Amino acid sequence: EMLVSSGTARERPRSPVTRFLQFVNRNGRTQLRGNVVLNLAAWVLPAICAVIAIPIVARGLGPHQFGMVALAWSAVGLFSFFDFGLGRALTRIVACRTGEGERDDIPDLVVTSALMLGAACLPVTVVGLVMARTIATRLLHVPPALQHEAVIVVRWLVIGILPMAHGVVLRGVLEGEQRFLSVNLLRVPLGIATYLAPLLVLPLRLGAGAAVGLIVCARIVYWLAHLPLIARLHPGVVTVRRWSRAAARELVHVGGWITISNFVSPIMVQADRIVIAVALPIAASGWYGTAAEVATKQWLFTAALQPVLFAALSACLLSDPVRATQLMETALRVTTLALFPIALLLVTFAAPALHFWMRGAFAAPAVDVLRWLSIAVFVNANAQIPYAALQSGADSRSPALLHLIELPLYIGLLLVMVRTFGVAGVAMAYTARMLLDAGAMWALAARHVAGARRVAFRALRLNLAMTACLAVAWWAVARHG
């Protein structure tokens, strides 16, 4: 089922939102409007749970143990991206096969992707289990009394690497089949359990190790729940027993550069928290993680939009580039209209909001961190539009090369800034990378997406203007106390 058709022109819609929702194949069973709403609901409900649970967990565990739980929340997000691009590659291939009615080889693709992922993740799991004590005692700044707890946390996270990553791959199959209802029926309980499960350990006084264990177990249940759904859609998955060279070649061909980008990009997204965990006391991970949990909730909108946008651009980018650029422009307007007010509120009311939310667990350094990260996430949300266009068929190599260049430069900048300015310096470095990355992504889209030059220049001007507005709001708040 294709989400975008090249049908006759319709009457000009009244608003950007309406115009965006016009990009849907009216003959398909799944419409863009429903997909976006389903995805958004699936992210909003866990966000509400996070708002409720985070301050309670922070006060119940104390700064050091909460720092470990906050680090675990970051780690499970990072490990979920260790699918090496296979999830997005499967989405493209399965969507194409479904549209053409050629579904016979999908089981080979699913099983081969699982074997490829297992070959990559199992050695990391073994090494992580062997090195857990060294990681906990030498890399994490944990008080001696909590080092045993830190070892338990590291072991749980290492155990979860493979099921977390393979869950993303299996979700890619469901998204390729346009089964967004199934995707979100699985995602909502996972998101709720991720934030509410740690509350169960507080009455029992079991500590951070048990809290992280519950988070990882929820991820494992989420992974297992995909298996019967995939088997029902593709019964051949149950009978396939071996590696398919043809499937492996296709996965590498379609997802090769996507693999590189999807591997490097999440490392950069989480590198700030890793550097803080290594360079600063573990309590700093709690301060930074709290601010990041608030700022990155802007990604709820893009998380709802991106899977649908990626499929839509894949369907029309080569066959109807004019329609694809119209879709990019409308997505830009909708994203800006949805997220700029949120970013402005976060920058303006960071201090009172954190104080009201976290109460006794509130820390002053988190205020500037929240402001920096709010600007960074807003800019990155718009940059995901050209990123999706490039990966959907325009030129998946360019984002991968860009990320490979960015990675060592960004790590170096993080190390300098954390030593100079502490947690605020890390947030500054994160924001600088997001600004440069956004400019580069739109420049690449202007070069490689047919007809996208005008949209790219408009996006760059819009991002500069909105970022300047956020900076002025910050300055005004700081000046008036």
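An account of the accompanying structure is given in this report. Remember, it's a predicted structure, so these values are computed and weren't measured experimentally.

Considerations on the overall build of the protein chain
Secondary structure summary: the protein chain contains 20 helices and 0 strands in total. Taken over 481 residues, the protein chain has a buried fraction of 56%. The contacts of the protein chain with a sequence gap of at least 6 include a subset with a gap of at least 24, amounting to 83%. Total accessible area computed for the protein chain in this model is approximately 20,400 Å², and 67% of it derives from carbon and sulfur atoms.

As for the nonpolar core
Within the largest apolar cluster, 104 residues are counted, with the highest numbers of intra-cluster contacts made by W73, F79, L157, Y288, L373 and Y430. Here the element with the most residues in this core is helix α2 (residues 32–79); it accounts for 18 residues. Discounting residues that sit within four places of it in the chain, L373 has contacts with Y288, A291, A292, A295, A427, Y430 and T431. Among the nonpolar cores identified, the runner-up in size contains 42 residues, and L305, A324, A388 and A438 belong to it.

Notes on the packing of helix α4 (residues 106–130) against helix α7 (residues 161–176)
Following both chains from N to C, one finds α4 and α7 inclined at 160°, their axes separated by 9 Å at the closest point. One element, α4, and the other, α7, form an angle in the roughly antiparallel class. Seen along the crossing, α4 lies across α7 with a hand that is right-handed. On the side of α4, the interface is formed by V110, S113, A114, L117, G118, C121, L122, V124 and T125, while α7 contributes I161, L162, A165, H166, V169, L170 and V173. Of the residues contributing to the contact of α4 with α7, the split by class is 12 nonpolar, 4 polar and no charged.

Concerning the pattern of salt bridges
Opposite charge on two side chains permits pairing when their charged atoms draw close. What the rule picks out here adds up to 5 salt bridges. Across the pair R333 and E329 runs a salt bridge, and its minimum N-O distance is 3.0 Å. Residue R333 and its partner E329 are both found in helix α15 (residues 321–348); the two are separated by 4 residues, about one turn of the helix. Among the residues examined, R333 registers a relative accessible area of 32% and is labelled partly exposed. Given the relative accessible area of 4%, E329 is considered buried. The partner of R454 in a salt bridge is E329, and the shortest N-O contact between them spans 3.3 Å.

Here we look at a nonpolar patch on the surface
Together, L40, V44, L45, I48, V51, I52 and I56 make up a nonpolar patch on the protein surface, roughly 540 Å² of accessible area in all. Position of I52 among the secondary structure elements: in helix α2.

Some thoughts on the packing of aromatic side chains
For the structure on display, the rule yields 4 aromatic pairs. Note on F66 and W73: the rings are 6.2 Å apart at their centroids and 75° apart in plane angle, and the pair reads as edge-to-face. Seen in terms of ring centroids, W73 and Y195 are 5.2 Å apart; in terms of plane orientation they differ by 45°. Their pairing is tilted. Taken as a pair, W73 in helix α2 and Y195 in helix α8 (residues 180–196) lie far apart in primary sequence, 122 residues in all. The pair W73 / Y195 is uniform in exposure class, with both members buried. By the ring-pair criterion, three or more aromatic residues cluster together here, those being F66, W73 and Y195. Just above the ring of Y410 sits the side chain of R433; from NZ or CZ to the centre is 5.1 Å.

Focus: the environment of G236
Looking at the element boundaries, G236 is found in helix α11 (residues 236–239). When the C-alpha atoms of G236 and D105 are compared, they prove to be 8.8 Å apart, with 131 residues separating the residues in sequence.

Describing the side chain of T194
One can find T194 in helix α8. The buried category is assigned to T194, whose relative accessible area is 4%. There is a polar contact of 2.8 Å between the side chain of T194 and the backbone oxygen of L190. Setting aside anything within four residues of it in sequence, one finds T194 in contact with W73, I215 and R219.

Here we look at α7
Over its 16 residues, α7 extends 23 Å from the first C-alpha to the last, a length consistent with the 22 Å expected when each residue adds 1.5 Å. Of all 16 residues in α7, 14 are buried; the element is thus mostly enclosed. Positive backbone phi, at 60°, marks Q178, one or two positions downstream of α7.

Rules used in this analysis
- Residue numbers restart at each chain and count upward from 1, following the sequence in its written direction.
- In view of the model being predicted, local features appear only for residues whose pLDDT reaches at least 70, and side-chain atom pairs are presented and counted only at 80 or more, with totals across whole chains, interfaces and linings using the full set of residues.
- Side-chain metrics in this entry use all non-hydrogen atoms of the structure; hydrogen atoms and water are not considered.
- Strands here are runs of E lasting at least two residues and helices are runs of H or I lasting at least four, both read from the DSSP assignment and numbered beginning at the N terminus.
- Each residue is assigned to one of three classes by its accessible area relative to the maximum for its type, calculated with a 1.4 Å probe on protein chains only: buried under 20%, partly exposed between the two thresholds, exposed over 50%.
- Note on contacts: a residue pair qualifies if any of its non-hydrogen atoms lie within 4.5 Å across the two residues.
- The Shrake-Rupley method, run with a 1.4 Å probe, gives the accessible areas here. Residue values count only the displayed protein chains as cover.
- Definition of nonpolar core: a set of buried residues of the types Ala, Val, Leu, Ile, Met, Phe, Trp, Tyr and Cys, connected through side-chain atoms within 4.5 Å.
- Axes here refer to lines fitted to C-alpha atoms; in helices the fit is confined to the stretch in contact. Angles between the N-to-C directions go from 0 to 180 degrees.
- Geometric relationships in this document are graded by angle, where less than 35 degrees denotes roughly parallel, more than 145 denotes roughly antiparallel, 65 to 115 denotes roughly perpendicular, and other angles denote oblique.
- Left-handed describes a crossing whose near helix is turned anticlockwise from the far helix through less than a right angle; right-handed describes the clockwise counterpart.
- Three classes are used: nonpolar for Ala, Val, Leu, Ile, Met, Phe, Trp, Tyr, Cys and Pro, charged for Asp, Glu, Lys and Arg, and polar for all others, with Gly counted as polar.
- By salt bridge we mean one thing: a side-chain nitrogen of Lys or Arg within 4 Å of a carboxyl oxygen of Asp or Glu.
- Patches here are clusters of residues that have more than 30% relative accessible area and form no salt bridge, with a 9 Å joining cutoff for like charges and a 5 Å cutoff for nonpolar side chains (Val, Leu, Ile, Met, Phe, Trp, Tyr).
- Only rings of Phe, Tyr and Trp enter the pairing, Trp through its six-membered ring, and a pair is recorded when the two centres are within 6.5 Å. The plane angle decides the type: under 30 degrees is stacked, over 60 is edge-to-face, the rest tilted.
- Here, a charge over a ring means that NZ of Lys or CZ of Arg falls within 6 Å of the ring centre while also lying within 35 degrees of the ring normal.
- Polar contact is defined as a pair of N or O atoms within 3.5 Å, subject to the rule that within protein one atom must be able to donate a hydrogen and the other to accept it, and that residues adjacent in sequence are counted only when both atoms are side-chain atoms.
- An expected span of 1.5 Å times one less than the residue number is assigned to each helix.

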